[in-house]
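Each chain is listed here by its residues.
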Amino acid sequence: MKLVYKVLASLVAAEVAVQAMMVVLGDAGLFKYVEQGGVIDKASAESGGIDFPEFFAFVVHGVNGMMVIPSIALLLLVSSFFAKIPGAVKGAALVVLLVAVQVSLGLLGHQIPALGALHGLNALLLFSAAVHAARRGRGAVVSAPAQSHARVETVA
């Protein structure tokens, strides 16, 4: 179960990195689309008229952020109870809390764009917490060599 904890924590960190890559890829594609004469407005968005190759990155960002990362974080929390790693439950609970904050900031950012800055900052905190949890798990996966309890007596 220690290995499961380590892998799940590592997956959360990797998914946060994917999130950053996807949102920047989508933004770069969007800016190029507009520079080439593409139009972004409510009507084109609702009709599906926004057509640029990097648009898929926004979809990946949304699916990962709303479904994949929260699912992995919850599995991490469940595994933390069985991993027998000191501080694992606290680490996993922090990851779950930061994921909940991240999802909330992402959704609220559509109404209050300034929250996008906090969404980015919280992503860094989430990445750090997940890496810390994975590193804690890494040390616990390697078991210490068994110590011999045999007594050696010397005869004088």
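All figures in this text were calculated on a predicted structure; none of them were measured in a lab.

Points about a nonpolar patch on the surface
So, point 1. A cluster of nonpolar side chains, Met-1, Val-4, Val-78, Phe-81, Phe-82 and Val-89, forms an exposed patch at the surface whose accessible area comes to about 580 Å².
So, point 2. Residue class for Phe-81 comes out exposed when judged on its relative accessible area of 55%.

Observations concerning the side chain of Ser-80
So, point 1. Here Ser-80 lies in helix H3 (residues 56-80).
So, point 2. Overall, the relative accessible area of 3% leaves Ser-80 in the buried class.
So, point 3. Here the side chain of Ser-80 touches Leu-77 through a polar contact of 2.5 Å, landing on its backbone oxygen.
So, point 4. Apart from the residues within four sequence positions on either side, Ser-80 is in contact with Tyr-5, Ala-88, Val-89 and Ala-92.

Some remarks on the packing of aromatic side chains
So, point 1. Applying the stated criterion across every chain, the model contains four aromatic pairs.
So, point 2. Geometrically, the ring pair formed by Phe-52 and Phe-55 is edge-to-face, given 5.8 Å between the ring centres and 85° between the ring planes.
So, point 3. Taking 6.2 Å as the distance between ring centres and 70° as the angle between the ring planes, the aromatic pair formed by Phe-55 and Phe-58 counts as edge-to-face.
So, point 4. Residue classification places Phe-55 among the partly exposed residues on the basis of a relative accessible area of 36%.

Notes on the pattern of salt bridges
So, point 1. Summed over the entire model, instances satisfying the criterion amount to one salt bridge.
So, point 2. Note that Lys-42 is salt-bridged to Glu-46, the shortest N-O span being 3.9 Å. Here the residue Lys-42 and the residue Glu-46 both occupy positions in helix H2 (residues 42-47), the gap between them amounting to four residues, near one helical turn.
So, point 3. Accessibility expressed as a relative area gives 63% for Lys-42, which makes it exposed.

Some remarks on H3
So, point 1. The terminal C-alpha atoms of H3, which comprises 25 residues, lie 34 Å apart, in line with the 36 Å expected from a rise of 1.5 Å per residue.
So, point 2. The axis of H3 is deflected most strongly, by about 45°, at Asn-64.
So, point 3. For H3, the full list of buried residues reads Ala-57, His-61, Asn-64, Gly-65, Ile-69, Pro-70, Ile-72, Ala-73, Leu-76, Ser-79 and Ser-80.

What counts, and at which threshold
Residues numbered from 1 in each chain as written. Predicted model: local features only at pLDDT ≥ 70, side-chain atom pairs only at ≥ 80, totals over all residues. Heavy atoms only, no water. Patch = residues over 30% accessible without salt bridge, like charges linked within 9 Å, V, L, I, M, F, W, Y side chains within 5 Å. Areas by Shrake-Rupley, 256 points an atom, 1.4 Å probe, with all protein chains shown as cover. Salt bridge = Lys/Arg side-chain N within 4 Å of Asp/Glu carboxyl O. Buried < 20%, exposed > 50% of the residue type's maximum accessible area, 1.4 Å probe, protein only. Helix = DSSP H or I, 4+ residues; strand = E, 2+ residues; numbered from the N terminus. Polar contact = N/O pair within 3.5 Å; in protein donor to acceptor, adjacent residues only side chain to side chain. Contact = heavy atoms within 4.5 Å. Phe/Tyr/Trp six-rings, centres within 6.5 Å; stacked < 30°, edge-to-face > 60°. Expected span 1.5 Å × (residues − 1). Bend = angle between axes of the 7 residues up to and from the residue.

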